[in-house]
Amino acid sequence: MFKDFYGWIQLGIFIILLICLTKPFGIYLMKVLDPSGRTLLDPILKPVEKFIYKTTGINPEKTQTWKAYLFSLLLFSLIGFTMTFVILIFQRFLPLNPQKLPGLSWHLAFNTAASFTTNTNWQSYAGEKTMSYFSQMVALTFHNFASAASGIAAAAALVRGVASNASKTIGNFWSDIVRLNLYLLIPASIIFAVFLVSEGVVDNFRAYDSVSAFNNASVPAQIIAQGPVASQEAVKMLGTNGGGFMGANSAHPFENPTPLTNFVQMLSIFLIPAGLTWYYGRMTGNQRHGWTIFYVMLALFLAFMLVCWHEEDSGNPAFASLGIDLAAGNMEGKEVRFGIFGSSLFAAVTTSASCGAVNSMFDSYTPLGGLVSLLNIQLGEIIFGGVGSGLYGMIVFIVLTVFLSGLMTGRTPEYLGKKIEAYEVKAGVLFIMVPVLVILGFTSAAAVSGWGLAGLNNAGPHGLTEMLYAFSSAAGNNGSAFAGLNADTPWYNVMLGISMIAGRFLMIAPELALAGSLAAKKHTTDGSGSFPVTGLLFAFLLAFVILIVGALTFLPVLSLGPIVEHMLMLESGVLF
């Protein structure tokens, strides 16, 4: 790790570019999320926006209460879920299906519809063997845009709640969805897709190719999947969706062919979440606070990423007995073109955000290397997090941090000129408890049930980690998998689908309730109860609260999974 000079150079470039791009993206988000904001695309897209409003009856000037905003978001998601479920069930009868792929089973269709509706993009299937081009382009891509826009809209609603003064409303969901897709996600995805095509990512509607090995009829032909990959890959990354067009996801050369595409894909995952921190600082009139949030996210990300990199670079002691040089590190499950650093950085990025795209198999990581990905999700995926969900999750932690600091000093806590009272604390606690109850509850049920144990390919602590990771990924709306669990069964598909729905909407509900409560409060001048929300002290307290909540909640089960497995590896030199 410390001798990997080029790895450190790449990490430095990644951080510098992320910092430099945060403000420009934040400025653009300000314009997009303001109904009267003007962008460079207005001459082309403003007539389209007005046409959409006219044909759908949307009045962008009519703002909504938090309950109306939540109802609109849930209705929009329910319609999208139903449409996707029907398309997947009847896939065999629909066009753009050159491989004549059949429809999905009811439980896999339910799981997939729930997955893409909630921006999770968990896949209990291999994309190229299961989904037609129609299903990919219409059903799943719709959600790649819609779920990403919904997350950003929910975050914008909370930002407006913090920034407003004695207001009953927090914005217009329908206007937010239209503008986010029209001015941000669609144009950015087109530009990104063109770049990916230029680097070798395929994008076509051809039938799959069949290639015989050395013209030898006795050797089965190899099927090479095709499809509109680049267009899916672009929004997959920018919207922190993560669902792979191919089963191998971003480890497949048709999705991620070069180290350059690997680097740009990682950067694209963080762009919108990072830009939202600048947007938040500007909206609340405290730009230093926005940057403080950004640097807390960055510090946590770097800390966990370096642990993962170190563990994978150290390798498994069992390698020495096999005659393998430990200096080579743990390359199992990793692409040679990315190496240990490129794989470790990608793993940390995709699990810090709620993306779930992978360019290596976490099931082959060392125990503590896999622990990093697991813990990134269990902390709430707020280390930049998903588009929107990362920011509103972080704001909830900030509210709780300010409240706890007020308790310690014996003063009424205030946050950006607004008092934090019982209602806000209850909403924040409910927000944090939802994933805890879902992850631990469903993992416990799977661990003592025949259906849960039947899906395991490994026993012992590694098997527990596989189940824990599956439900953490589902409830955290991440979508990545440990790749050692057979989840395409009725029980797993249904349970994971319920976990995704709960992890999305049962957290958005208290988040929007918090937005409504804060919006109704009047701004007050900073007083004796005001707690500074900038600087090193605040950053330390915020990071401390995040880590303590995660550690106290999940440390017992982590001790039974990856931590025990690490001890066994050191003792016997064997991974279980």
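In the block above lies the structure referred to throughout.
This structure is a prediction, so every number in the text was calculated from the model and none was measured.

Caption draft 1: Examining the overall build of the protein more closely. Of regular secondary structure, the protein possesses 19 helices and four strands. Expected size for 576 residues packed as a compact globule is a radius of gyration near 25 Å; at 23 Å, the protein falls within 12% of this value. Taken over the C-alpha atoms alone, the protein extends approximately 80 × 60 × 50 Å along its principal axes. For the protein, buried positions account for 60% of its 576 residues. Taking all contacts inside the protein whose residues are at least 6 apart in sequence as the whole, residues at least 24 apart take part in 79%. Looking at the protein as shown, the accessible area adds up to about 22200 Å², and 69% of this sits on carbon and sulfur atoms.

Caption draft 2: Focus on the packing of helix H8 (residues 229-238) against helix H9 (residues 259-283). With their axes 7 Å apart at the nearest point, H8 and H9 run at an angle of 50 degrees to one another. Classified by the angle their axes make, H8 and H9 are oblique. The residues of H9 that touch H8, namely those facing Glu-233, Met-237 and Leu-238, are Gln-265, Ser-268, Ile-269 and Ile-272. The residue makeup of the contact of H8 with H9, split by class, is four nonpolar, two polar and one charged.

Caption draft 3: Looking closely at empty space enclosed by the protein. Under the counting rule described, the total for this entry stands at five cavities of 30 Å³ or more. Computed from the structure, the largest cavity encloses a volume of approximately 320 Å³. If you go around the largest cavity, you meet 29 residues; those closest to its centre are Gly-380, Glu-381, Phe-431, Pro-435 and Met-507. Put simply, the parts of the chain that give the lining of the largest cavity at least two residues each are helix H13 (367-378), helix H14 (389-409), helix H15 (422-447), helix H18 (490-520) and helix H19 (535-572).

Caption draft 4: Summary view of helix H4 (residues 106-117). With 12 residues, H4 ought to run about 16 Å at 1.5 Å a step, and its terminal C-alpha atoms sit 16 Å apart, in line with that. For H4, every residue scored as buried is listed here: His-107, Leu-108, Ala-109, Phe-110, Asn-111, Thr-112, Ala-113, Ala-114, Ser-115, Phe-116 and Thr-117. Along its buried surface, H4 packs onto helix H3 (66-89), helix H5 (127-130), helix H6 (133-163) and H18. Backbone geometry just after H4 places Asn-119 at a positive phi near 65 degrees.

Caption draft 5: Focus on the nonpolar core. Phe-301, Phe-384 and Tyr-415 are the most contacted members of the largest nonpolar core, which totals 160 residues. At 14 residues, the largest contribution of residues to this core is made by H6. Setting aside chain neighbours within four positions, we find Tyr-415 in contact with Val-162, Tyr-280, His-289, Ile-398, Val-399, Val-402, Ile-420 and Val-533. Listed in part, the 11 residues of the second largest apolar core include Tyr-125, Met-131, Phe-134 and Leu-140.

Calculation criteria
- Residues numbered from 1 in each chain as written.
- Predicted model: local features only at pLDDT ≥ 70, side-chain atom pairs only at ≥ 80, totals over all residues.
- Heavy atoms only, no water.
- Helix = DSSP H or I, 4+ residues; strand = E, 2+ residues; numbered from the N terminus.
- Rg over C-alpha atoms; globule rule 2.2 N^0.38 Å.
- Buried < 20%, exposed > 50% of the residue type's maximum accessible area, 1.4 Å probe, protein only.
- Contact = heavy atoms within 4.5 Å.
- Areas by Shrake-Rupley, 256 points an atom, 1.4 Å probe, with all protein chains shown as cover.
- Axes fitted to C-alpha atoms, helices over the stretch in contact; angles between N-to-C directions.
- Parallel < 35°, antiparallel > 145°, perpendicular 65-115°, else oblique.
- Nonpolar A, V, L, I, M, F, W, Y, C, P; charged D, E, K, R; others polar.
- 1 Å grid on protein atoms, 1.4 Å probe; cavity = no way out; pocket = protein on both sides within 12 Å on 5 of 7 lines; lining within 4 Å.
- Points joined across faces, edges and corners; volume = space filled by probe spheres on them.
- Expected span 1.5 Å × (residues − 1).
- Core = buried A, V, L, I, M, F, W, Y, C linked by side-chain atoms within 4.5 Å.

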